[in-house]
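One letter stands for each residue in the lines below.
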Amino acid sequence: GAGVSQSPSNKVTEKGKDVELRCDPISGHTALYWYRQSLGQGLEFLIYFQGNSAPDKSGLPSDRFSAERTGGSVSTLTIQRTQQEDSAVYLCASSSQGTSGSQETQYFGPGTRLLVL
Amino acid sequence: QKEVEQNSGPLSVPEGAIASLNCTYSDRGSQSFFWYRQYSGKSPELIMSIYSNGDKEDGRFTAQLNKASQYVSLLIRDSQPSDSATYLCAVNVPGNTPLVFGKGTRLSVIA
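What counts and how
Residues numbered from 1 in each chain as written. Chains lettered and ligands numbered in written order. Predicted model: local features only at pLDDT ≥ 70, side-chain atom pairs only at ≥ 80, totals over all residues. Heavy atoms only, no water. Patch = residues over 30% accessible without salt bridge, like charges linked within 9 Å, V, L, I, M, F, W, Y side chains within 5 Å. Areas by Shrake-Rupley, 256 points an atom, 1.4 Å probe, with all protein chains shown as cover. Salt bridge = Lys/Arg side-chain N within 4 Å of Asp/Glu carboxyl O. Helix = DSSP H or I, 4+ residues; strand = E, 2+ residues; numbered from the N terminus. Buried < 20%, exposed > 50% of the residue type's maximum accessible area, 1.4 Å probe, protein only. Disulfide = S-S within 2.5 Å.

Topic: a nonpolar patch on the surface
All names here are of chain A.
Point 1. Together, Val12, Leu115 and Leu117 make up a nonpolar patch on the protein surface, roughly 280 Å² of accessible area in all.
Point 2. Inspection of the secondary structure assignment puts Leu117 in the segment after β10 (112-116).
Point 3. Judged by relative accessible area, Leu117 falls into the exposed class, the value being 53%.

Side note on the pattern of salt bridges
Point 1. Applying the stated criterion to the full structure yields 6 salt bridges over all chains.
Point 2. Its salt-bridge partner being Glu44 of chain A, residue Arg36 of chain A comes within 2.9 Å of it at the nearest N-O pair.
Point 3. Judged by its relative accessible area of 31%, Glu44 of chain A falls in the partly exposed class.
Point 4. A salt bridge links Glu57 of chain B to Arg77 of chain B, with the nearest nitrogen and oxygen atoms 3.4 Å apart. Taken together, the residues span a long stretch of sequence, with Glu57 of chain B in strand β6 (residues 54-58) and Arg77 of chain B in the loop between β8 (71-76) and β9 (85-92) at a distance of 20 residues.
Point 5. For Glu57 of chain B, a relative accessible area of 61% corresponds to the exposed category.
Point 6. Exposure remark for Arg77 of chain B: the relative accessible area of 26% places this residue in the partly exposed category.

Notes on the state of the cysteines
Point 1. Scanning the entire structure with this criterion turns up 2 disulfides over all chains.
Point 2. With a sulfur-sulfur separation of 1.8 Å, Cys23 of chain A is cross-linked through a disulfide to Cys92 of chain A. Taking the torsion about the S-S bond as the criterion, the Cys23 of chain A to Cys92 of chain A disulfide, at about -65°, is left-handed. Of the two residues, Cys23 of chain A is situated in strand β3 (residues 19-24) and Cys92 of chain A in strand β8 (residues 88-95); the sequence distance between them amounts to 69 residues.
Point 3. What pairs with Cys23 of chain B in a disulfide is Cys89 of chain B, and their sulfur atoms sit 2.1 Å apart. Between Cys23 of chain B and Cys89 of chain B, the S-S torsion sits near -70°, and that sign places the bridge as left-handed. Of this pair, Cys23 of chain B sits in strand β3 (residues 19-25) while Cys89 of chain B is found in strand β9, placing the two residues 66 residues apart along the sequence. Of the two residues examined, Cys23 of chain B and Cys89 of chain B, each falls in the buried class.

Structure representation (structure tokens):
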């Protein structure tokens, strides 16, 4: 079946503008994750959605960042008043939930490359 | 604080050699362990998962897990230049929590 898809693949914006990044998870996956990866750096966890539970927002770097997941499927990550330091690749992943309650393998989308000028 | 530690590298090995990538983790309750490969400019892709102590082999890849030592490794036999990438170790504990990723080890296979 189809994998995780993200759009746009690339986004160039001006400092101060708002941007929306979209993630469409694998069908049937209950968990959805957003990460950020700056050039040459590791994955930075941003936010995690699991089913109908309240999202884990502990990784969001500032209140300019928010995310929602509508209908338990598609998610949108919004960055308000973008800054140059927001430039990075934003990766989305999804997973199913194992019988023990632990998360199964995360599958990543291709990412959105954001450049803030 | 859950931590996953990896040597950042670069780890350079000659073509045909065995590459050994190591990862340690801090949470003794961890039960699921994953190795991802990330080519430059691409997103991470799953190489192997391992859940119980011992070795798990898949083609040229072998994952090794030692829960007592809180240590998981990935061996790549007959390394090829196409194996050159960053390898990410990820660990999970039971419950409603996301995977914890290490910062990755950069592997360079020299032809």
